[in-house]
Amino acid sequence: MKKFRLGLLQLCLLSSVVAACAGSMTADGDQSGAGGAGGQENPDEAVGGQGGDLEGGRGVDQAAGAAPQSGGSDGGTPSDVASNDAAKPPAGAVASDDFESMTLGAITSARSGWYPTGKMGTISISDVQAHSGTQSLRFESRGDGHLWAGFKTAGLFPTQGYNMFGRVWVFAEKAAAATGGHRHGFFQMRGESPRWKGVDAAFTLRADGARVPSINYFSNPPWIDAAGNAVKSPPPYPAASWFCMEWQFDEPKGQIRFYRDGNASPWVVIDRKGGFCGCNASFDPWVFPQLEEVRLGIYDLEHQKGALAFFFDDFALGAERLGCE
């Protein structure tokens, strides 16, 4: 299947420094704010490390001929022809990455459409674990903040009126304890709030308490820090083995669904608002942000509870549920 990579050439023109893609990302000192009951970092943090698209790998690919969903501005069109899929993308995918064509080693600036942000550990392409092929995207935190690799979704989905599905496989190399309340997250989508111009808002798929699924919504200002927890009693995600995360963000209906390991029914369902809110807005409905960016990685809300390390592989986005096959 012919595909197109999300290029970041425009970031080369905007950046004052275009760094080489070698080296070690070990930036210091970033602390996330565990705000209110939900406990999210501040989404207003500037994205860092956006150098040029210097890596020749496949990166985040868009299916040829895949038009953005209707209902809003697509914000631009991804460019750059790409190839070399080690794993066959799932049916219905409009973007996917198996990380096979990226050079092994640390990620310190933009590669193949992905760019690092956060200052609490290292991001790298690794051949230690892989769900398919031989490589995956690895994050290791120091346990004191957040660490992401993100990319812009322009051209894949409208910024408003979107219905975005996705999936990724995750391997917990250094997992949180199954007890003790170590809250941490894996995937985030974010953009400007349509209610407050110039203010970012973010949804984060995370694990709470006993490594069970949860969803966080954060915006500031005004301070809104809310969460929705599992509707069932799922087992904790496994340590030292692969598990599959799936999601749906249905902006027109105000609904979010969070699945694990291909279950027919979601573990967490948000229908316009969550189960509690540590904020100034009581239990107001969650305002979906414009869809501008998605991120994989780690955010850690319990800094004192130790380092975390995860591998991510076979990432995909689509306009329908993609499954874990």
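Each chain has its residues counted from 1, following the order in which its sequence is written. With the structure being a predicted model, the display of local features is reserved for residues of pLDDT at least 70 and the display and counting of side-chain atom pairs for 80 or more, all residues being used for whole-chain, interface and lining totals. Water and hydrogen atoms were dropped before computing side-chain values, which therefore reflect all heavy atoms in the structure.

**Here's the deal with the overall build of the protein chain**
What counts here: The helix and strand labels rest on DSSP assignments: H or I over at least four residues marks a helix, E over at least two residues marks a strand, and numbering proceeds from the N terminus. Relative accessible area decides the class of each residue, using a 1.4 Å probe on protein chains only: under 20% of the type maximum gives buried, over 50% gives exposed, and in between gives partly exposed. Note on areas: Shrake-Rupley with a 1.4 Å probe; residue coverage comes only from the protein chains shown.
Helix and strand counts for the protein chain stand at one helix and 20 strands. Sorting the 325 residues of the protein chain into buried and exposed places 58% on the buried side. Total accessible area on the protein chain stands at roughly 11,800 Å², and carbon and sulfur atoms take up 52% of it.

**Focus: the pairing of strand β16 (residues 255–260)**
As a general feature of sheets, a regular strand has side chains that alternate between the two faces. In plain terms, the rule: The rule for pairing is simple: two strands pair if DSSP sees at least two bridges between them.
Most of β16 is tucked away: five of the six residues are buried. Sheet topology places strand β15 (residues 242–250) next to β16; six bridges connect them, and they run antiparallel. Looking at the pairing, Phe249 lines up with Ile256 of β16. The antiparallel pairing of β15 with β16 creates a hairpin that spans four residues between the two strands, and Gly254 there sits at a positive phi of about 65°. As defined by bridge partners, β16 adjoins strand β17 (residues 268–271) across four bridges and the pair is classed as antiparallel. Directly across from Gln255, in β17, lies its bridge partner Asp271.

**Things to note about empty space enclosed by the protein**
Just so we agree on the cut-off: Buried and open spaces are told apart on a 1 Å grid over the protein atoms alone, a cavity being a set of points where a 1.4 Å probe fits but cannot get out and a pocket being an open set with protein on both sides within 12 Å along at least five of seven lines. Residues with an atom within 4 Å of a point are the lining residues. Grid points are joined across faces, edges and corners, and a volume is the space filled by probe spheres set on the points. Asp, Glu, Lys and Arg are counted as charged, while Ala, Val, Leu, Ile, Met, Phe, Trp, Tyr, Cys and Pro are counted as nonpolar; the rest, among them Gly, fall into the polar class.
The tally for this structure, following the rule as stated, stands at two cavities of 30 Å³ or more. Every residue lining the second largest cavity is listed: Phe186, Arg206, Ala207, Arg211, Val212, Pro213, Tyr237, Phe243, Met245, Phe258 and Arg260. When residues of the lining of the second largest cavity are traced back to their parent elements, those giving at least two are β12 (200–208), β13 (212–219), β15 and β16. Residue composition of the lining of the second largest cavity, by class: eight nonpolar, no polar and three charged.

**Some words on the packing of aromatic side chains**
Heads up, the rule is: A pair of aromatic rings is counted whenever rings of Phe, Tyr or Trp (Trp by its six-membered ring) have centres within 6.5 Å, and the orientation is called stacked for planes under 30 degrees apart, edge-to-face for over 60 and tilted otherwise.
A complete count under the given rule lists 20 aromatic pairs for this structure. Judged by centre distance (6.1 Å) and plane angle (40°), the ring pair of Trp148 and Tyr299 falls under tilted. Taken together, the positions of Trp148 in strand β9 (residues 146–152) and Tyr299 in strand β19 (residues 293–300) put the pair 151 residues apart, joining distant regions of the chain. In this structure, Trp148 and Tyr299 share a single accessibility class: buried. Taking 6.3 Å as the distance between ring centres and 35° as the angle between the ring planes, the aromatic pair formed by Phe187 and Phe249 counts as tilted. Here Phe187 is found in strand β11 (residues 184–192), whereas its partner Phe249 is found in strand β15, with 62 residues between them in sequence.

**Remarks on the environment of Pro236**
With respect to the element layout, Pro236 can be found in the loop between β14 (224–229) and β15. Residue Pro236 is classed as partly exposed on the basis of its relative accessible area, which comes to 35%. With 23 residues separating them along the chain, Pro236 and Pro213 place their C-alpha atoms 8.2 Å apart.

**A few points about unusual backbone geometry**
Even without being glycine, Asp261 reaches a positive phi, approximately 60°. Of the residues examined, Asp261 reaches a relative accessible area of 40% and is grouped as partly exposed. You will see that Asp314, though not glycine, has its phi angle at about 50°, which is positive. With respect to the helices and strands, Asp314 occurs in strand β20 (residues 309–318). When its relative accessible area of 5% is taken as the criterion, Asp314 is described as buried.

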